[in-house]
Amino acid sequence: MRQVNPMAPMNLDSILQDFDDIIIARGQAYFENGLVTSLEEKRPGAFTAIVEGTEDYQVTVVLQNDECADLSCDCPYSGNPYCKHVVAVLLAINEMKSRATSLASNARPKDARPAFNPLDTLDSLSKSGLLSLVREMAGELPDAYDWLRLRLAPAQDETKLYRKQIQKSLQTNSKRGYVEYARTSDALRGAETALSRLQVLINTAPWQRSLDFSVMLLEESMKCLECCDDSDGEVGYIIVSCLNCITELYDKCVSRDVEAQQTAFFQRILGVAASPLFSGWNEWNETLLTLCTRIADVFPVLRDSLLKLREEHIAVYIRAKKDSDSYALMVEQKAYFKMLQRWQGEEQAWQYALSNIGNPELRMYVINAFCQKKQYQEAVRLCIEGERQAGRLYGLKAQWKERRYQIYKKTGDMPAIRALGEELLLGGDDAYFEKLKELYPPEEWKCKRNELLDSLETGSGRQRAYLPILLREGDKTRILRYAQQNIDHPFHNIYSLYQYLLPDYQAEVRSMFYQRILNDSAHASDRKAYQAVCEGIGAYATACGKQLAEALIQKLKADYPRRPAFQDELLKSLSALHSGKQKQKANL
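Residues numbered from 1 in each chain as written. Predicted model: local features only at pLDDT ≥ 70, side-chain atom pairs only at ≥ 80, totals over all residues. Heavy atoms only, no water.

### Re the overall build of the protein
We apply this condition: The way it works is that DSSP assigns letters per residue, a run of H or I at least four long becomes a helix, a run of E at least two long becomes a strand, and they are numbered from the N terminus. With the radius of gyration taken over C-alpha atoms, the globule rule is written as 2.2 Å times the number of residues to the power 0.38. Residue exposure (1.4 Å probe, protein chains only): buried if accessible area is under 20% of the type maximum, exposed if over 50%, otherwise partly exposed. Every accessible area reported is derived by Shrake-Rupley at a probe size of 1.4 Å, with residue values counting cover from the shown protein chains alone. His is not counted here, nor are the chain ends, while Lys and Arg score as positive and Asp and Glu score as negative. To locate a charge, take NZ of a lysine, CZ of an arginine, CG of an aspartate or CD of a glutamate.
Across its full length, the protein holds 28 helices and four strands. Relative to its length of 588 residues, the protein is extended, with a C-alpha radius of gyration of 35 Å against a globular reference of 25 Å. Counting every position in the protein, which comprises 588 residues, the buried fraction comes to 41%. Carbon together with sulfur atoms contributes 50% to the accessible area of the protein, which is approximately 33300 Å² in total. Computing the positive centroid from 75 side-chain charges and the negative centroid from 79, the protein places the two 3 Å apart.

In structure tokens form, the structure reads like this:
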């Protein structure tokens, strides 16, 4: 026998009277175990919630005058009339409304005395009273003591104390040397406090002190990465913020200083970049090296040390021969090449590019240089070599083919242009269809067009270029064939193609809609899938008429009587069709 709270602010007993007792018992167990989450009143009387189960399900409840106007859940339950998830949410709403009623009845009267606020009494305390209170608080509360120690630390001890506080936060929240996801925010509290302090120091302290503090925070934050679950990127945020602070510190306090001061700043930053601290974190390391490059642009004496560090990094990546380091190697080589261009001239940069032609960006530089010298044969040779070396990197391979195509156009080699354009088209780039069209006389193009479309239609992996071409060309015969062959395609199907086929192929469109909706209905098992079916019925009504759509809805209602969620969505679709008819009559 189900129990309903007689003091409840909604008529729960009336709402649940058609539910099976077993469903109510299961729903009550879900509610009591706290499985109803994210309960929210979207608008007065309209609630949504998530109920955790074998999966998370979304429940919607609409109340009018404390009676149920609508209930829905996207779970696959096919019993009658509703599921345990709905019951659990109804009980949660009931509790929410009861709590709100209780709070309202216990609200403080207007003439009641305001709640005591201890902060309001601080102004009335004497100096000795305040000191006594602070000492007592620091003795009783460890966090208060730590805060005072950091806040009042002498300048020479500040960096050391903040380092200890960061380490303490990390150790307190770690288990066997690792910080789990749920405790990462607490573990980083010391680092976040230090970041706030750094942002103050940049504007108030000598730059040397601020830089020492920045390096400390950077070192400790990088160590956090080794032992924290940083799924939300909280550690990464602190590191990036710290790097931004270092750049800001240079711009505000050092960039206009004398050479000796800027050299000291450069050497400190270069030392951090050279340390193992950033091993494997190339993007962050690059931020420091970019700042060093800015300084070396102004003071040539610093350039050799920066070039040497780049060379060391490149040598490490080459010796390692790891696929994971290939991108980092390319970045280092590109940066080194640009420094050579600026500092040692084009000839040095040219020789370096030639000796490192395996880097795609350096290869492109050499190809462009050969083209400027009108040495097109060498440029084509390097493109073809790049295609071979690209292997299965199809985007890179296409890049070299496209560059070769541009070179052929410069030389006017028509047979090569046509052959490579066709190769790029059949490789999936539909833009080359229009380019090829311009290369043939109209009569010759008619034959070539059909040949190309036949190859695209039947070729494996080529259809991503095929459909866009058909739609641009308005080739209804081929579009129809494509739609019939891809009746169950998730994207390019009759739902998106019918407008290109009407009015010429009405019967075929009607047949494909009917088949697709029946197929989708047979495989649907939750409310989201049912809603997708009903969206398809809406498109069917637009394309083929509301009368046919209504007939299909009635068939589906008869075919699936034990799917209450589907029945509910079908009724909504039917109602939408009827309201559309009424609006049309009103407009007439």
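What follows continues from the structure just given.
### Description of the nonpolar core
Condition: To qualify as a nonpolar core, a set must consist of buried Ala, Val, Leu, Ile, Met, Phe, Trp, Tyr and Cys residues joined through side-chain atoms within 4.5 Å. Residue contacts follow a heavy-atom distance rule, with two residues in contact if any of their heavy atoms lie within 4.5 Å.
The biggest cluster of nonpolar side chains holds 140 residues, and the ones touching the most others in it are Leu217, Leu218, Phe265, Leu288, Leu306, Phe513 and Leu556. In contact with Leu217, other than residues within four places in its own chain, are Ile166, Ala191, Ala194, Leu195, Leu198, Ile238 and Cys242. Grouped together as the second largest cluster of nonpolar side chains are 27 residues, Leu12, Val61, Leu91 and Ile93 included.

### Observations concerning the packing of aromatic side chains
Rules: Only the six-membered ring of Trp is used, alongside the rings of Phe and Tyr, when aromatic pairs are assigned; centres must lie within 6.5 Å, and planes under 30 degrees apart are stacked while those over 60 apart are edge-to-face, with the rest tilted.
Using the criterion set out here, one finds 18 aromatic pairs in the structure. Each ring, one from Tyr495 and one from Phe513, has its centre 5.7 Å from the other, and the planes form 45°; the classification is tilted. One end of the pair, Tyr495, is in helix H24 (residues 494–501); the other, Phe513, is in helix H25 (residues 506–523), with 18 residues separating them in the sequence. Take Tyr495: its relative accessible area is 21%, and that puts it in the partly exposed class. Since its relative accessible area comes to 0%, Phe513 is described here as buried.

### A closer look at unusual backbone geometry
Backbone torsion omega between Leu502 and Pro503 reads 5°, so that peptide bond is classified as cis. Residue position: Pro503 is located in the loop between H24 and H25. Its identity is not glycine, yet Lys374 carries a phi of approximately 60°, on the positive side. Among the structural elements, Lys374 can be located in the loop between helix H16 (360–372) and helix H17 (376–390).

### Some remarks on a nonpolar patch on the surface
Note the threshold: Residues enter a patch when their relative accessible area is above 30% and they make no salt bridge; the linking distance is 9 Å between like charges and 5 Å between nonpolar side chains (Val, Leu, Ile, Met, Phe, Trp, Tyr). Each reported salt bridge corresponds to a side-chain nitrogen of Lys or Arg within 4 Å of a carboxyl oxygen of Asp or Glu.
Together, Leu119, Leu122, Leu125, Leu130 and Leu133 give the surface a local cluster of nonpolar side chains, amounting to about 400 Å² of exposed area. Position of Leu122 among the secondary structure elements: in the loop between helix H3 (84–105) and helix H4 (127–140). Among the residues examined, Leu122 registers a relative accessible area of 32% and is labelled partly exposed.

### Focus on the sheet that holds strand E4 (residues 67–73)
Short version of the rule: For two strands to be treated as a pair, DSSP must find no fewer than two bridges joining them. Fitted lines through C-alpha atoms serve as axes, helices being fitted only where they are in contact, and the angles separating the N-to-C directions of these axes extend from 0 to 180 degrees.
Judged by pairing direction, the sheet is antiparallel, and its four strands sit side by side in the order E1-E2-E3-E4 without closing on themselves. This sheet does not close on itself; its edge strands, each paired only once, are strand E1 (36–43) and E4. Strand-to-strand, the axes of this sheet are offset by a mean angle of 20°, without reference to chain direction. As defined by bridge partners, strand E2 (residues 46–52) adjoins strand E3 (residues 56–64) across seven bridges and the pair is classed as antiparallel. Along E3, the bridge assignment pairs Phe47 with Val61.

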